[in-house]
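Close look at the chain arrangement
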Amino acid sequence: MDRELGNPGALMTSLLRLGPADAGEMLTLQRAAYVTEAQAHGTLELPPLLETLEQAKGALGDPACFAWGIREAGRLVASVRIVVDGDAGLVGRLVVAPDRQGHGLGGSLLLAAEAAMPPSVTVFRLFTGERSFGPLRMYPKLGYVETRRTPELHYQVVHFEKPRVRPEDPVR
Ligand SMILES: CC(C)(COP(=O)(O)OP(=O)(O)OC[C@H]1O[C@@H](n2cnc3c(N)ncnc32)[C@H](O)[C@@H]1OP(=O)(O)O)[C@@H](O)C(=O)NCCC(=O)NCCS
């Protein structure tokens, strides 16, 4: 796929809603993608690496959880979850297969997933680790603003927020 960062429309046709039947594949992808984050933070005790298959199935079956993915020739190469919590969409577990990173999939998937969320969601929130240099560079490019840092074991968690902007909203 061509690099389409900032152009979620190009991805909307290939955006898939994932469910419990996709949990095994999603977990395999998630574990492969998060190894670099574990190395960067010096710990394997990261929730995405500790998640069990049963927990993943439960998450993907939760009506509040919207899991989205991209398949290339049938293979799941990217996924993200957005959990609806009141008017907020809590973004988590954005992952791209290691051999497909750096081609615009992660950024495009997140923008397309945001656009596909129910209209009740008016703000998106997410967090990442202070040594996750790729995500720390990516989220501001996608409109996210850092709101605070909180301590976690021996590193800081960086929190981001982004108000939802719809095409019909007036330009400020
Ligand atoms: C983070 C992740 C989802 C990004 O997916 P991706 O498809 O590689 O990202 P994209 O190609 O869409 O990149 C979008 C932007 O993010 C930034 N970025 C992403 N990964 C980067 C990296 N490793 N180094 C530097 N910048 C990076 C860049 O700014 C890039 O835009 P640019 O090339 O125009 O500068 C992917 O690298 C991944 O799965 N990482 C491991 C899991 C993880 O950390 N998930 C996020 C947890 S908060």
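Before reading further, recall that the structure is shown in the block above.
Scope of this entry: the structure provided in the associated data block. Starting afresh in each chain, residues are numbered from 1 along the sequence in its written order. Only residues with pLDDT of at least 70 are given local features in this predicted model, and only at 80 or more are side-chain atom pairs given and counted; all residues enter the totals for whole chains, interfaces and linings. Water and hydrogen atoms were dropped before computing side-chain values, which therefore reflect all heavy atoms in the structure.

1. Focus on the overall build of the protein chain
When helices and strands are counted, the protein chain shows 6 helices and 7 strands. Runs of E in the DSSP output that reach at least two residues are strands. Runs of H or I that reach at least four are helices, and both are numbered from the N terminus. In sequence order, the secondary structure elements of the protein chain are arranged as α-β-α-α-α-β-β-β-α-β-α-β-β. Note that the radius of gyration is over C-alpha atoms, with the globule rule given as 2.2 Å times the number of residues to the power 0.38. By the compact-globule yardstick of 16 Å for 172 residues, the protein chain fits well, its C-alpha radius of gyration being 15 Å. Each of the three principal axes of the protein chain carries a C-alpha extent, and together these read 45 × 40 × 30 Å. Any pair of residues with heavy atoms lying within 4.5 Å of one another is described as a contacting pair. Considering only intrachain contacts with a sequence separation of at least 6, the fraction spanning at least 24 residues in the protein chain is 64%.

2. With respect to the packing of aromatic side chains
By convention, a stacked pair of Phe, Tyr or Trp rings (six-membered ring in the case of Trp) has centres within 6.5 Å and planes under 30 degrees apart, an edge-to-face pair has planes over 60 apart, and any other such pair is tilted. Here the structure, examined in full by the defined rule, presents 3 aromatic pairs. Ring centres 5.9 Å apart and planes at 65° place the aromatic pair tyrosine 139 and tyrosine 144 in the edge-to-face group. Each member of the pair, tyrosine 139 as well as tyrosine 144, carries the same accessibility label: buried. Residues tyrosine 139 and phenylalanine 160 carry aromatic rings whose centres are separated by 5.8 Å and whose planes lie at 55° to one another, so their mutual orientation is tilted. Between buried and exposed lies partly exposed: a residue is buried under 20% and exposed over 50% of the maximum accessible area for its type, with that area taken using a 1.4 Å probe on protein chains only.

3. Here's the deal with the pairing of strand 3 (residues 75–85)
At least two bridges found by DSSP between two strands is the condition for calling them paired. Of the pairings in the sheet, the one linking strand 2 (residues 65–72) to strand 3 comprises 8 bridges and is antiparallel in character. Bridge assignment links arginine 71 to a residue of strand 3, and that residue is leucine 76. Hairpin geometry of strand 2 and strand 3 is characterised by an intervening segment of 2 residues between the two adjacent antiparallel strands and by a positive phi of about 50° at alanine 73. Sheet topology places strand 3 next to strand 4 (residues 88–96); 7 bridges connect them, and they run antiparallel.

4. So, helix 4 (residues 53–61)
Turning to helix 4, its buried residues are Ala56, Ala59 and Leu60. Down the axis of helix 4, the smallest arc covering the buried residues is 95°, so these residues share one side. For helix 4, the secondary structure elements touched by its buried residues are strand 1 (15–18), helix 2 (23–41), strand 2 and strand 3. By arc we mean the arc of the directions from the helix axis to the C-beta atoms, nothing more.

5. Here we look at the environment of glutamate 54
Its place among the elements puts glutamate 54 in helix 4. Residue classification places glutamate 54 among the exposed positions, given a relative accessible area of 57%.

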